[in-house]
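# Descriptive analysis of the structure
Here is what each chain is made of, one letter per residue.
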Amino acid sequence: MLASPLAIDVRRGAVASLGDVLADRRIATEGRIAVAVGPGQGASIVADLDLPHSEVFQVDDGTVDAATELGTKLRAGAYEAVAGIGGGKTIDVTKYAATMAGIPMVAVATNLAHDGIASPVSSLEHEGGKPSIGVTMPIAVVIDLDYVRAAPERLVRSGVGDVVSNISAIEDWHLAGRLKGEPVDGMAVTFARVAAEAVLHRPDSIESDAFLGVLAEGLVLSGMAMSVAGSSRPASGACHEILHAVTQLYPGVGNHGELAGLGALYASFLRTRHAGWPEPRLEEIRACLVRHGLPTLPSDAGLGDGEFARAVAHAPGTRPGRFTILEHLDLTEDEIARSVADYVETIGR
């Protein structure tokens, strides 16, 4: 059953509605609200708002420990709801903490870097890596385009890579359905595909409010697709296996959306070479990434070809049990190295 957000507000000046959202008695009957803010714009947003009865908690990093600590405070304080204001790490920490405390959460996103804004998943760091942990999705989402524009441009563009990677993830899910009998949820696929296609063919970019609105809605829709599916399947396939492998092997290289887009393009290249995927579809994804200044080659993300090949070989181990084009082809390390070299030559042209 779809657990959709109660409200989605995407526009300039949207954050001014946060007080009204938090005052909604379907969220908090007594008005006892907590606010979690990140180290970026979150604190300045809180200062601009009239939230006299709320208590503010600082979120300094995106770790399981930080999320657990916040969850303990929320539960001990008997808060009715919590608003998470900031970027992806802050929202992921707040989603986990709200789930732990058993209270609803309102997501207030200050950038559009990835599709975790409204997803039922939190990616949190701990000593074993950065797993995706199931959480309750936000009950409301507020995205103020004024604050989005104040974020680093690179972060805004990277959201394009994450939402477009849905196309690759959907192909992997269908592959698992055909070859492994894995159930594929048609509604989840539709949500994820509509989100990606809406961004894929638009000629404008982040300079346009209209484009930012479509991107924001696409990222939220991706989160809803994951909620319908009950997993990250409609938005995470070989593209995200590669992304997580790069993150584990080469911390600090690229960001989530950039690496998701690069992983999706390489996975699409593999389908074109080995599974009969149409060349025009590969070119559509490549052209979109190029149009938005996102990486299409390993070197664009700060990786050598050999490093990228190592990440591809490592990728299936990041999501045990998930079947994608990588598991299907099961290439040897030498075959992966040759494939990456062919990819670089082909895409580089």
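Predicted model, so just to flag it, every value in this text is computed and none were measured. (Residues numbered from 1 in each chain as written. Predicted model: local features only at pLDDT ≥ 70, side-chain atom pairs only at ≥ 80, totals over all residues. Heavy atoms only, no water.)

What follows covers the side chain of S122. Residue placement: S122 occurs in strand β6 (residues 121–123). Polar side-chain contacts of S122 include one of 2.8 Å to the backbone oxygen of D92. Once residues within four sequence positions are removed from consideration, S122 is found in contact with D92, K95, Y96, P131, S132, I133 and V135. (Helix = DSSP H or I, 4+ residues; strand = E, 2+ residues; numbered from the N terminus. Polar contact = N/O pair within 3.5 Å; in protein donor to acceptor, adjacent residues only side chain to side chain. Contact = heavy atoms within 4.5 Å.)

This part is about the packing of helix α10 (residues 238–249) against helix α11 (residues 256–274). It is the contact of α10 with α11, at a shortest axis distance of 7 Å, that shows an interaxial angle of 125°. In this view, α10 runs oblique relative to α11, as classed from their interaxial angle. The crossing of α10 and α11 is right-handed. Residue-level contacts link A238, C239, H240, I242, L243, V246 and T247 of α10 to H256, L259, A260, G263, A264, Y266 and A267 of α11. Looking at the contact of α10 with α11 residue by residue, the classes come out as 10 nonpolar, four polar and no charged. (Axes fitted to C-alpha atoms, helices over the stretch in contact; angles between N-to-C directions. Parallel < 35°, antiparallel > 145°, perpendicular 65-115°, else oblique. Left-handed = near helix turned anticlockwise from the far one by under 90°. Nonpolar A, V, L, I, M, F, W, Y, C, P; charged D, E, K, R; others polar.)

In a regular helix each residue adds 1.5 Å, so 16 residues correspond to 22 Å; helix α15 (residues 333–348) covers 22 Å between its end C-alpha atoms and thus fits that length. Three or more residues of α15 are buried, namely I336, S339, V340, Y343, V344, T346 and I347. Buried positions along α15 lie against α11, α12 (279–291) and α13 (305–314). (Expected span 1.5 Å × (residues − 1). Buried < 20%, exposed > 50% of the residue type's maximum accessible area, 1.4 Å probe, protein only.)

Bringing the nonpolar core into the picture now. Ranked by internal contacts, the top residues of the largest apolar core, which has 97 residues, are L74, L112, I143, V164, Y266 and Y343. The dominant element in this core, judged by the number of residues it contributes, is helix α9 (residues 209–229), at 11 residues. Discounting residues that sit within four places of it in the chain, V164 has contacts with A196, V199, L200, I285 and C288. One finds L18, V21, I45 and A81 within the second-largest nonpolar core, a separate group that totals 22 residues. (Core = buried A, V, L, I, M, F, W, Y, C linked by side-chain atoms within 4.5 Å.)

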